[in-house]
Amino acid sequence: MAAKIRKGDRVQVLTGKDKGRQGEVIKVMPTEGRALVQGINLVKRHQKPQGMGRPGGIQEKEAGIDLSNLALLDPKSGKPTRVGFKLLEDGKKVRVAKASGEVLDA
């Protein structure tokens, strides 16, 4: 099955503490049904120093957010939309924004 949300997509959070915020998908974990979104669902982690390269301290990083709490942004209007699939004439399957009908895959 093709994924509705992929790495690099612009999404909006539908519910939770970051409701309404938008960001770019960094990583998708389909087996867990979660995704990492840049600047969304930040958590603090205590880090021990790792030699000269990484200093210790409290680091902020993104935690996974459930895919059901994310909506893809329509490239035409910039508003959240559902995702459908469509077969092109050459037989290629592409993702389509339901709101505008725009093809999402380049």
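Preceding this section is the structure that the text describes.
What you see is a predicted model; the values in this text were computed from it and never measured.

Participant: What exactly am I supposed to notice about the overall build of the chain here?
Facilitator: Each helix and strand counted, the chain has zero helices and 10 strands in total. The globule rule puts the C-alpha radius of gyration for 106 residues at 13 Å, and the 17 Å found for the chain is more than 25% above it. Projecting the C-alpha coordinates of the chain onto the three principal axes gives extents of approximately 55 × 30 × 25 Å. Residue pairs at least 24 apart in sequence account for 36% of intrachain contacts in the chain once pairs closer than 6 positions are excluded. When the accessible area of the chain is evaluated, it comes to approximately 7,300 Å², of which 50% is carbon and sulfur surface. Each charge class in the chain can be summarised by its mean position, and for the 22 positive and 12 negative side chains these summaries are 5 Å apart.

Participant: How should I be thinking about the sheet that holds strand β1 (residues 10-13) in this particular structure?
Facilitator: Sheet strands pair via backbone hydrogen bonds, and the direction of the pair is either parallel or antiparallel. The six strands lie next to each other as β6-β3-β2-β1-β7-β8, forming an open sheet whose pairing is antiparallel. Every interior strand has two partners, whereas the edge strands, β6 (65-66) and β8 (80-81), have only one. Relative to strand β2 (residues 22-29), β1 is paired through three bridges, and the arrangement is antiparallel. Counted as the bridge partner of Q12 is Q22 from β2.

Participant: Can you walk me through the environment of K44 in this structure?
Facilitator: Examined against the element boundaries, K44 turns out to sit in strand β4 (residues 42-47). Looking at K44, the relative accessible area reads 54%, which means it is exposed. Beyond its immediate sequence surroundings of up to four residues, K44 is in contact with I58, Q59 and E60. A distance of 3.4 Å separates a polar atom in the side chain of K44 from a polar atom in the side chain of E60.

Participant: Could you clarify how one ought to interpret the side chain of D9 in this entry?
Facilitator: With respect to the helices and strands, D9 occurs in the segment before β1. For D9, the side chain forms a polar contact with the main-chain nitrogen of R6, separated by 2.8 Å. Separated by 2.8 Å, the side chains of D9 and R95 make a polar contact. Leave out the neighbours within four places in its chain, and D9 touches K4, G23, E24, V25, L72 and R95.

Participant: Before we go on, may I ask you to explain the nonpolar core in this structure?
Facilitator: Generally speaking, soluble globular proteins have nonpolar side chains that are buried together. Ranked by size, the top nonpolar core spans 11 residues in total: I5, V11, V13, V25, A35, V37, I40, I65, L70, L72 and V83. Every residue in contact with V37, bar those within four places of it in the chain, is listed here: V11, G23, E24, V25, I26, E62, I65 and L70.

Participant: Is there a simple way to explain the pairing of strand β10 (residues 93-97) in this structure?
Facilitator: Regular strands show a simple pattern: their side chains alternate between the two faces of the sheet. In terms of residue burial, β10 counts as a mostly covered element, since four of its five residues are buried. Where strand β9 (residues 83-87) meets β10, five bridges bridge the pair, whose relative direction is antiparallel. Across the sheet, the residue bridging to V83 is A97, located in β10.

Participant: How should I be thinking about unusual backbone geometry in this particular structure?
Facilitator: Glycine aside, the phi torsion of most residues is negative, and most peptide linkages are trans. If you check the backbone angles, N41 has positive phi at about 55° while not being a glycine. Secondary-structure assignment places N41 in the loop between β3 (34-37) and β4.

Conventions adopted
Residues numbered from 1 in each chain as written. Predicted model: local features only at pLDDT ≥ 70, side-chain atom pairs only at ≥ 80, totals over all residues. Heavy atoms only, no water. Helix = DSSP H or I, 4+ residues; strand = E, 2+ residues; numbered from the N terminus. Rg over C-alpha atoms; globule rule 2.2 N^0.38 Å. Contact = heavy atoms within 4.5 Å. Areas by Shrake-Rupley, 256 points an atom, 1.4 Å probe, with all protein chains shown as cover. Lys, Arg positive; Asp, Glu negative; His and termini not counted. Charge placed at Lys NZ, Arg CZ, Asp CG, Glu CD. Pairing = 2+ DSSP bridges. Buried < 20%, exposed > 50% of the residue type's maximum accessible area, 1.4 Å probe, protein only. Polar contact = N/O pair within 3.5 Å; in protein donor to acceptor, adjacent residues only side chain to side chain. Core = buried A, V, L, I, M, F, W, Y, C linked by side-chain atoms within 4.5 Å.

Note that every value here comes from positions in space, so none of it alone points to a role or purpose.
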